[in-house]
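Commentary on secondary and tertiary structure
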Amino acid sequence: MTDIETSTVCEEGYHCSSHVGEFDLSIDATGEEGPTANQALVATYASCYLPALRVAGRQRGHDDLGKLQIDASADLDDDDDLAAIRWDLHVELDVSDEELEEIVDRGKEICHVHSAVRPGLRAEITAHADAF
């Protein structure tokens, strides 16, 4: 049994349209008609991590971390492959550095994209509590 099914079409050029469940996703290798695949991967990684961080917070006794935000940056190598990802993670809740580190680390364990990304490309996270 397959768990995930998608359909991606590239009519011409470098723009692709993907149908994922009930949603359409537009990705363009040139960045002209949508985000590039690398941009989409960085955004997807962050979009997977933030809910995982909320679960991690609950597991550590914090029912509401408040507003969460990741400001991501990434480097490409000479072949335009992702070489590094960095996150500035902002958490509204005021927690100690030690608690925040525990929550951040547990979030990594829960995040499916973090597990899928090769170890050398996993996000380097700088976390800030009481950020808003």
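The present account deals with the structure reproduced in this document. Predicted model, so just to flag it, every value in this text is computed and none were measured.

1. Looking at the nonpolar core
One finds Y45, Y49, L53, W87 and L89 to be the most contacted residues of the largest nonpolar core, which totals 26 residues. Elements with a minimum of two residues in this core: helix 1 (37-59), strand 4 (68-76), strand 5 (82-91) and helix 2 (97-110). Each residue touching L53, except ones within four places of it in the same chain, is listed here: L65, L68, L89, V91, I103, V104 and G107.

2. Here we look at the sheet that holds strand 2 (residues 15-20)
Within a beta sheet, neighbouring strands are joined by backbone hydrogen bonds and run either parallel or antiparallel to one another. If you walk across this open sheet you meet the three strands as 1-2-3, and the pairing is antiparallel. Each edge of the open sheet is held by one strand with a lone partner, namely strand 1 (6-9) and strand 3 (23-28). Strand-to-strand, the axes of this sheet are offset by a mean angle of 20°, without reference to chain direction. In the sheet, strand 2 pairs with strand 3 via six bridges, with the strands oriented antiparallel. Residue V20 lies in a different strand from strand 3, and its bridge partner there is F23.

3. What to know about the side chain of H15
As for its placement among the helices and strands, H15 is situated in strand 2. Among the residues examined, H15 registers a relative accessible area of 18% and is labelled buried. At 2.5 Å, the side chain of H15 forms a polar contact with the side chain of S26. Setting aside its immediate chain neighbours within four residues, H15 contacts V9, C10, S26, I27, D28 and E33.

4. Things to note about the layout of surface pockets
By volume, the largest pocket amounts to about 200 Å³. Among the secondary structure elements, those contributing two or more residues to the lining of the largest pocket are strand 3 and helix 1. If one sorts the elements of the lining of the largest pocket by residue count, helix 1 sits on top with three residues. By residue class, the composition of the lining of the largest pocket is five nonpolar, one polar and no charged.

5. Focus on the pattern of salt bridges
Within this structure, the stated rule accounts for four salt bridges. The shortest N-O distance in the salt bridge between K108 and D105 comes to 3.6 Å. Note that K108 and D105 are positioned in helix 2 at a spacing of three residues, about one turn of the helix. For D105, a relative accessible area of 32% translates into the label partly exposed. Between R106 and E109 there is a salt bridge whose closest N-O contact spans 2.8 Å. Here E109 and R106 lie together in helix 2, a separation of three residues that amounts to about one turn.

6. Some thoughts on the side chain of H62
Relative to the assigned elements, H62 resides in the loop between helix 1 and strand 4. A relative accessible area of 17% places H62 in the buried class. Sequence-distant contacts of H62, defined by excluding residues within four places in its chain, comprise G57, L93, V95, E99 and I103.

Rules behind the numbers
- Residues numbered from 1 in each chain as written.
- Predicted model: local features only at pLDDT ≥ 70, side-chain atom pairs only at ≥ 80, totals over all residues.
- Heavy atoms only, no water.
- Core = buried A, V, L, I, M, F, W, Y, C linked by side-chain atoms within 4.5 Å.
- Buried < 20%, exposed > 50% of the residue type's maximum accessible area, 1.4 Å probe, protein only.
- Helix = DSSP H or I, 4+ residues; strand = E, 2+ residues; numbered from the N terminus.
- Contact = heavy atoms within 4.5 Å.
- Pairing = 2+ DSSP bridges.
- Axes fitted to C-alpha atoms, helices over the stretch in contact; angles between N-to-C directions.
- Polar contact = N/O pair within 3.5 Å; in protein donor to acceptor, adjacent residues only side chain to side chain.
- 1 Å grid on protein atoms, 1.4 Å probe; cavity = no way out; pocket = protein on both sides within 12 Å on 5 of 7 lines; lining within 4 Å.
- Points joined across faces, edges and corners; volume = space filled by probe spheres on them.
- Nonpolar A, V, L, I, M, F, W, Y, C, P; charged D, E, K, R; others polar.
- Salt bridge = Lys/Arg side-chain N within 4 Å of Asp/Glu carboxyl O.

Read these as layout, nothing more, since geometry by itself doesn't imply function.
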